[in-house]
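# Notes for the structure review
This is what each chain is made of:
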Protein chains: 2
Amino acid sequence: MSKTTSGPRVQPVRAQIQGTASFSKFMTVLQAIADEPTRLDFAKLTKILPYPRGTLYRIVTALLAEGLIAESLENGTYQLGHRLIQLASRSWETSDLRSIARDHIEALRDATGETVHLAVPSGNGMVYIDKLESPRTVRMTSRIGTRVELYSTSVGKAYLAGLPEEECRAIIEGMDLKPRTRNTITDADALYADIQKSRAQGYSYDNEENEADIRCFGGTIFDRSRRPVGAVSLSIPIYRYNKELAKAYVEKIQETVQAISDSMATIV
Amino acid sequence: MSKTTSGPRVQPVRAQIQGTASFSKFMTVLQAIADEPTRLDFAKLTKILPYPRGTLYRIVTALLAEGLIAESLENGTYQLGHRLIQLASRSWETSDLRSIARDHIEALRDATGETVHLAVPSGNGMVYIDKLESPRTVRMTSRIGTRVELYSTSVGKAYLAGLPEEECRAIIEGMDLKPRTRNTITDADALYADIQKSRAQGYSYDNEENEADIRCFGGTIFDRSRRPVGAVSLSIPIYRYNKELAKAYVEKIQETVQAISDSMATIV
DNA sequence: GGCATATTGTCCATATTATGGTCAATATGT
DNA sequence: ACATATTGACCATAATATGGACAATATGCC
């Protein structure tokens, strides 16, 4: 509701837990600065965020003081601060799932020679928390920390397929299915059918739905109680793709996610 | 004032800007979780933080909801969340200093064959924002995002040497000089003398003061107005160290930081 | 297994905090 | 140099966070 005039994608402030409304605002501002590819100055922030000047000014000042954002060299614009890098790098190193999965996805990369991603759900998307490049060094427009859509990626669809059916259905209903390529599934029913198929098959498939010229297979990682907690994907450039290879790769992914899920269950 | 009984190092909440007190508390809790090497459960958090249960519970719940922290596999304990990785991923690529410095420190690494760090001031220390390993793959206990002390590292001392004398002196007065190795300078006057020498020489030197068996040289990066904004260091294992080499390395560092400072001045 | 004790999660009146309109100072554009 | 836009500061008021108290649940002990 009530978006400002020219403002693009500003996520609505969610304030379920009472007593945290103010904090949500701070995070919304931080996220807005993180999301914007071009540097923002204060004027632009007032345009894309629904807060009055005084409020926003105070929030920005606090974020600066905490080191979460910093002033750029181009004066008057803001970028993320080093405090955030410090926190993120520690998060990266101490992540349970990532450390458990490391050996397994490395084996998968070595066995296939293709790029492997490890992703976890975050907000309304998936975030890559690890990536191993194909030794054949085909560039992909991903990096660790990238947030991708649930509906257009194999990791997203693998995660959805791992959820209880009603929960999955509910999430799909709430989605805004923006086409990312000409193959992106933009119809909710078609997507739901695709997820059902993924669940039945035991893997998900992205046929150039997120990025042109790249096909992916995905597998779901479950915790001990069979809640999906992440996903692994294998990305194959179409020119290297063929049916027999695909079949072998799918099996390897399934082994990989099974092994990761098992490790998680036994560790606790 | 009023710390809880057994609580160790909890940074005092600074609330200079009015209207941000609550946010400071949230950040203090997040930092406490980040700082503790062993996973914390709720009970331990109540012990090391000066907030009452209800308050802390609400803060932790909000941090969980925002994805800044997550529950570990060991039940009931918390770790940093993946949202942090997602937030920082863009900053990583857009950091001005890092992108400007990249080529220069790469050249330094290639010329010397030793490990190079790029650091910026953050809080009361320096944070590594880039690192290039020696091709000889000598392990070092550093990583990007690590925060190191001003007084025991070459990057820290290089930064201090770049500050105006009074400012430098004031910072040193406020320091708690904890020994990190047997060589760490723990006397404020001795440290000040060392910084003076560094300033005169045009480089800083860490003689196993931060880490045993590692010697470092550091150089200061200045912005256009000659404020120090960062530092570059070269780390040399003692068994590879010798006087002639050192002399050549120092010159190369000085060239490197000069080149980076020049680039920054021309770009803005 | 059952009682006692510790811990976790929830609620709500109150005190504290954030809010956002206003205004002065400064920067920007013409 | 003047007009206009933007920034930074203030403060009465409204909204929020606080933290004690209590219920529900888990844990330890005999």
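Going by the structure above, here's the rest.
Below, the structure is looked at part by part. (Residues numbered from 1 in each chain as written. Chains lettered and ligands numbered in written order. Predicted model: local features only at pLDDT ≥ 70, side-chain atom pairs only at ≥ 80, totals over all residues. Heavy atoms only, no water.)

### Focus: the pattern of salt bridges
Within this structure, the stated rule accounts for 30 salt bridges over all chains. Salt-bridge contacts for Arg240 of chain B lead to Glu114 of chain B; the nearest nitrogen and oxygen are separated by 2.7 Å. Linking Arg240 of chain B in the loop between β9 (228-237) and α9 (243-267) with Glu114 of chain B in the loop between α5 (96-112) and β4 (115-122), this pair joins segments that are 126 residues apart in sequence. Using a relative accessible area of 15% as the deciding quantity, one classes Arg240 of chain B as buried. A relative accessible area of 2% places Glu114 of chain B in the buried class. Taking the shortest distance from any N to any O, the salt bridge between Glu133 of chain B and Lys131 of chain B comes out at 3.1 Å. Lys131 of chain B gets classed as buried once you look at its relative accessible area, which sits at 13%. When salt bridges that share partners are traced, they join Arg98, Arg102 and Asp130 of chain A into one network. (Salt bridge = Lys/Arg side-chain N within 4 Å of Asp/Glu carboxyl O. Helix = DSSP H or I, 4+ residues; strand = E, 2+ residues; numbered from the N terminus. Buried < 20%, exposed > 50% of the residue type's maximum accessible area, 1.4 Å probe, protein only.)

### Some remarks on the relation of the copies chain B and chain A
Relative to chain A, chain B is turned by 180° and slid 0.1 Å along the rotation axis, the superposed coordinates differing by an RMSD of 0.5 Å. Those values place the two copies in the arrangement expected of a two-fold rotation axis. Using C-alpha coordinates, one finds that chain B approaches the rotation axis most closely at Phe23 of chain B, a distance of 2.7 Å. Here 98% of the contact residues of chain B are again contact residues in chain A; the copies associate through an equivalent surface. (Least-squares fit on C-alpha atoms with pLDDT ≥ 70 in both. Contact = heavy atoms within 4.5 Å.)

### Describing the protein's contact with DNA strand C
Not every one of the 16 residues close to DNA strand C is listed here, only the nearest: Lys25 and Arg58 of chain A together with Gly19, Ala21 and Tyr57 of chain B. Each atom of DNA strand C within 4 Å of the protein belongs either to a base or to sugar and phosphate, the latter forming 80%. With respect to DNA strand C, the side chain of Thr55 of chain A contributes an N or O atom lying 3.2 Å from a phosphate oxygen. In the model, a phosphate oxygen of DNA strand C is placed 2.8 Å from a nitrogen or oxygen of the Ala21 of chain B main chain. Considering each element in turn, the surface near DNA strand C owes the most residues, three residues, to helix α3 (residues 53-66) of chain A. Along the lines of polarity and charge, the residues of the surface near DNA strand C split into five nonpolar, eight polar and three charged. (Near = heavy atom within 4 Å. Polar contact = N/O pair within 3.5 Å; in protein donor to acceptor, adjacent residues only side chain to side chain. Nonpolar A, V, L, I, M, F, W, Y, C, P; charged D, E, K, R; others polar.)

### Points about the interface of chain B and chain A
On the side of chain A, 53 residues touch chain B, which itself brings 51 residues to the contact. Buried area between chain B and chain A, both sides added, is near 5,200 Å², and the carbon and sulfur share of it is 60%. Between the two partners, chain B and chain A, sit two salt bridges. With a shortest N-O distance of 3.2 Å, Asp96 of chain A and Arg39 of chain B are connected by a salt bridge. (Buried area = accessible area lost by both parts, 1.4 Å probe.)

### Side note on the pairing of β4 of chain B
Residues and elements named next belong to chain B. β4 sits mainly inside the fold: seven of its eight residues count as buried. Inspection of the sheet shows β4 paired to β9 by five bridges, in the antiparallel sense. If you follow Leu118 over to β9, its bridge partner there is Val232. (Pairing = 2+ DSSP bridges.)

### Focus: the protein's contact with DNA strand D
What surrounds DNA strand D is a group of 16 residues, the closest being Gly19, Ala21 and Ser22 of chain A together with Lys25 and Arg58 of chain B. By atom count, sugar and phosphate contribute 82% of the portion of DNA strand D lying within 4 Å of the protein. One of the side-chain N or O atoms of Tyr57 of chain A is found 3.0 Å from a phosphate oxygen in DNA strand D. Among the secondary structure elements, those contributing two or more residues to the surface near DNA strand D are α1 (21-35), α2 (42-48) and α3 of chain A together with α1 (21-35) and α3 (53-65) of chain B. With three residues, α3 of chain B is the single largest residue contributor to the surface near DNA strand D.

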